[in-house]
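In case you want the letters, here they are:
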Amino acid sequence: FLIVYIVIYSFSNYINKLFLSLSDDEFKKYIITFTVFNVLLGFLLESKSYGSPLSVVPMLYSYSIGYAVHRFDMSNKVSRWISVVLYVGCTFITMVMTFVFLYANKQECAYNLLTNYCSPFIVLAALGIVLFFAKTQVRQFKFNKVITTLGSCSFAAYLITDSSDMQSHIFYPITVMAEE
C-alpha cells in the first residue's frame, strides 16, 4: 500500500495536469471507461494481470474518483441523505450477498470477490462516505486540532497494524513476552 501511495503521490502533479487538459465530457468518458475496466477486470474476472487491489491501477482509479468528486463539486450537489443511503445500501447489499454466498452456499471465493476493492458496491459505499464527510466542517479550534492530531496518527497506526513485517517485529515479541 505504501509504495503504491508514494507512486501516486509522486506523479499527482502530472496526473492532475492530464486531468485538467481534458474537457468535462472527456473526463466523464474517462471515468466511465475506467469504471468498466475496473469492474470487469478487477471485480468480475478477478484478473491476475490487473494486479492486487492495492496495485497502481486500482489506486489510480480511486484517485480519479476523488478528483471527479472535487472537479464536479459533487459534495455540494449530493445531499447528505443520499450519501448515507448510498453507503448503507451498498454495505447492506454486500452483507446480504456475502451471507448468501459464504454461509448458505459455502463459497469463500464469493466473499473475496464481494469485499474486493474493485467491487462496485465497495466503491460506491466509499463514495458515499467521502461525499458525507466532504461537507463536514469543524468550527471549534480545539476540536479541529484533536481531529488533525488523530488523523496524522491514524495512517501510522494503519501501517503498523496492517504490515506483516511490522507485526512480526512489534506484535510477535510482545506476545512472546506476555507468554513468559
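Residues numbered from 1 in each chain as written. Predicted model: local features only at pLDDT ≥ 70, side-chain atom pairs only at ≥ 80, totals over all residues. Heavy atoms only, no water.

Here helix α3 (residues 56–71) is 16 residues long and its end C-alpha atoms lie 22 Å apart, about the 22 Å a rise of 1.5 Å per residue gives. Within the sequence span of α3, burial applies to P58, M59, Y61, S64, I65, Y67, A68 and V69. Positive backbone phi, at 50°, marks D73, one or two positions downstream of α3. (Helix = DSSP H or I, 4+ residues; strand = E, 2+ residues; numbered from the N terminus. Expected span 1.5 Å × (residues − 1). Buried < 20%, exposed > 50% of the residue type's maximum accessible area, 1.4 Å probe, protein only.)

Here helix α7 (residues 120–134) spans 21 Å end to end across 15 residues, near enough to the 21 Å set by a 1.5 Å rise per residue. Inspection of α7 places V123, A125, L127, G128 and L131 among the buried residues, and these make up the whole buried set.

To continue, consider the packing of aromatic side chains. Scanning the entire structure with this criterion turns up 11 aromatic pairs. Between the aromatic rings of F11 and Y14, the centroid separation amounts to 6.4 Å while the plane-to-plane angle is 55°, which identifies the pairing as tilted. Placement of both F11 and Y14 in helix α1 (residues 2–21) is noted, with a separation of three residues, approximately one turn of the helix. Residue F11 is classed as partly exposed on the basis of its relative accessible area, which comes to 47%. Feature note: the residues F19, F27, Y30, F34, F37, Y61, Y67 and F72 constitute an aromatic cluster, connected by ring pairs. Just above the ring of F72 sits the side chain of K28; from NZ or CZ to the centre is 5.4 Å. (Phe/Tyr/Trp six-rings, centres within 6.5 Å; stacked < 30°, edge-to-face > 60°. Lys NZ or Arg CZ within 6 Å of the ring centre and 35° of its normal.)

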